[in-house]
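The primary structure of each chain is shown beneath.
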Amino acid sequence: MQDLPLADLDAFATIARMRSFRAAGRVRGVSASSLSEAMRRLETRLGLRLLNRTTRSVTLTEAGQRLLDRLEPMLGEIGTAIEDINSLRDRPAGRLRLNVPGIVARLIMPDIASRFLARYPDITLEVISDDSFVDVLAEGFDAGVRYEESLHQDMIAIPIGPRRQRYVCAASPAYLEEHGAPGHPRDVLAHASIRHRFVSGRIYNLEFERDGEIFSIDPPARLTADTIEMERAAAEAGLGLLFTFEDFLEDALAAGTLVRVLPDWTQSFSGPYLYFHSRKYMPTALRAFVDFVREDGHSPK
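Figured I'd write up the structure that's included with this text. (Residues numbered from 1 in each chain as written. Predicted model: local features only at pLDDT ≥ 70, side-chain atom pairs only at ≥ 80, totals over all residues. Heavy atoms only, no water.)

Okay, the packing of helix H1 (residues 6-18) against helix H2 (residues 21-28) next. Between H1 and H2, the least distance of the axes is 8 Å, while the angle of their chain directions is 125 degrees. Compared by their axis directions, H1 and H2 come out oblique. When you trace H1 past H2, the crossing you get is right-handed. Along its contact with H1, which presents Ala7, Asp10, Ala11, Thr14, Ile15 and Met18, the element H2 presents Phe21, Ala23, Ala24, Val27 and Arg28. (Axes fitted to C-alpha atoms, helices over the stretch in contact; angles between N-to-C directions. Helix = DSSP H or I, 4+ residues; strand = E, 2+ residues; numbered from the N terminus. Parallel < 35°, antiparallel > 145°, perpendicular 65-115°, else oblique. Left-handed = near helix turned anticlockwise from the far one by under 90°. Contact = heavy atoms within 4.5 Å.)

This is the structure in structure tokens:
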């Protein structure tokens, strides 16, 4: 028993939590086949089957569940001990994994990430773009970025990026010359629209706001896409009205390839938050990132 590799035990715990070799491989940055080999070694040395595997699922045996129950607190203590001595380094080090929405990955993280990594050369950063809400710890992330309405109550959250953002409606000059501009949100129903489909499959209603009045509509789509690049190109080509983050359209609006529509009806909302679970000992890389966000002016003092 004394020669059981800690890495294999840790791999088993990750597979058991994720219930998937492939998902566990993504978390650990290794292939599913290497994790399968680690499990083969571990089960051979123990002389017990720990996992039941099928092509569709991975479940724990009774022995596997007992081992996991005992291992998790110990592995947590080991991780805490390592992070504790890491605090003695002259410079923070380690890997930081973040799960962020697509708009944050495109418009907010590039600037923050480049300056953060320049300040902390011993930290490696992995940013995964994902518009669905995930349990950051269960999926192997240190922290996530989401908007206020998507935050769980048991999270610590600090502002990151702009504190106010807006949705705007825009169209090409050619489209407006041919079809005219709507004077009220209800008039959008008579126009061709370019709609966005999220990863979840949902297409949300368009919401317009003016002086506290909110007007929600669900116009038929001339084009539906899941990438802003295609949606913006379609709007610039004159295919219809586009409703999206103002940040995505700034250069097109400045260049005149797109024109604001219903400028008095724009919906403003709170900017995103960096969120993470409360833990007695925060990983060194995450602590450095949290402090950077707070000190760098991306969060109010």
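It is worth spelling out the sheet that holds strand E4 (residues 123-129) at this point. The strands making up a sheet associate through backbone hydrogen bonding, with each pair oriented either parallel or antiparallel. An order of E4-E3-E5-E15-E6 is seen for the five strands of this open sheet, with the pairing classed as mixed. Each edge of the open sheet is held by one strand with a lone partner, namely E4 and strand E6 (155-159). Put simply, the sheet's adjacent strands are angled 25 degrees from each other on average, direction ignored. Alignment of strand E5 (residues 143-146) against strand E15 (residues 273-277), held across three bridges, turns out to be antiparallel. Within the sheet, the bridge partner assigned to arginine 146 lies in E15 and is tyrosine 273. Strand contacts of helix H6 (residues 109-119): strand E3 (94-100) and E4, with the helix running at about 170 degrees to E4, the strand carrying the most contacts. (Pairing = 2+ DSSP bridges.)

Looking now at the pattern of salt bridges. Here the idea is simple: oppositely charged side chains can pair when their charged atoms come close. Applying the stated criterion across every chain yields a total of 15 salt bridges. Here glutamate 246 and arginine 260 are joined by a salt bridge, their closest N and O atoms 2.8 Å apart. One end of the pair, glutamate 246, is in helix H9 (residues 246-255); the other, arginine 260, is in strand E13 (residues 259-261), and 14 residues separate them in sequence. Residue aspartate 291 is joined to arginine 287 by a salt bridge in which the shortest nitrogen-to-oxygen separation is 3.3 Å. With a gap of four residues between them, aspartate 291 and arginine 287 both fall in helix H10 (residues 284-295), about one helical turn apart. Connected through shared salt-bridge partners, Arg95, Arg97 and Glu126 make up one network. (Salt bridge = Lys/Arg side-chain N within 4 Å of Asp/Glu carboxyl O.)

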